[in-house]
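Now for the letters of each chain:
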Amino acid sequence: MKTTRPRRPNGRWVYYILYDGILWPCPVRWEWESGYGGWLPFYYSPTFEFVVGDPRKAYRIARSNIRTARPDNEYA
């Protein structure tokens with residue numbers, strides 16, 4: 001019998017790491033790891049290494065409304 005796995009986390013995720021005194025936001029790509037038994041966040045570090053991170057430290061980027069993010073156009 002095939003075991004089902006939970007759904008992949010949806011949305012945009014980011015993983016923050018401290019590198020050279022700068023807090024870097026690294027985009028996350030979720031991949032299934034059968035040895036771990038779950039989805040793990042993989043990201044490209046500032047040194048361009050593809051690294052796995054702690055799932056509890058990955059942050060989801062909230063979807064913003066484009067109309068509220070932009071200021072009103074003064075010249076329209």
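Provided above is the structure to which this section pertains.
Residues numbered from 1 in each chain as written. Predicted model: local features only at pLDDT ≥ 70, side-chain atom pairs only at ≥ 80, totals over all residues. Heavy atoms only, no water.

Turning our attention to the packing of aromatic side chains. Applying the stated criterion across every chain, the model contains 6 aromatic pairs. An angle of 85° between the planes, with centres 5.2 Å apart, marks the rings of Trp13 and Trp30 as edge-to-face. Linking Trp13 in strand β1 (residues 12-19) with Trp30 in strand β2 (residues 22-33), this pair joins segments that are 17 residues apart in sequence. By the burial criterion, Trp13 is buried, and Trp30 matches it. Pairing Tyr44 with Phe50 gives two aromatic rings, centres 4.8 Å apart and planes at 40°, and the pair type is tilted. (Phe/Tyr/Trp six-rings, centres within 6.5 Å; stacked < 30°, edge-to-face > 60°. Helix = DSSP H or I, 4+ residues; strand = E, 2+ residues; numbered from the N terminus. Buried < 20%, exposed > 50% of the residue type's maximum accessible area, 1.4 Å probe, protein only.)

For residues that are not glycine, phi is negative in most cases, and the peptide bond is trans in most cases. The backbone phi angle of Asp20 is positive, close to 55°, even though this residue is not glycine. Residue position: Asp20 is located in the loop between β1 and β2. We classify Asp20 as exposed; its relative accessible area is 67%. Positive phi, close to 65°, is recorded for Phe48, a residue that is not glycine. When you line up the elements, Phe48 lands in the loop between β3 (38-44) and β4 (50-52).

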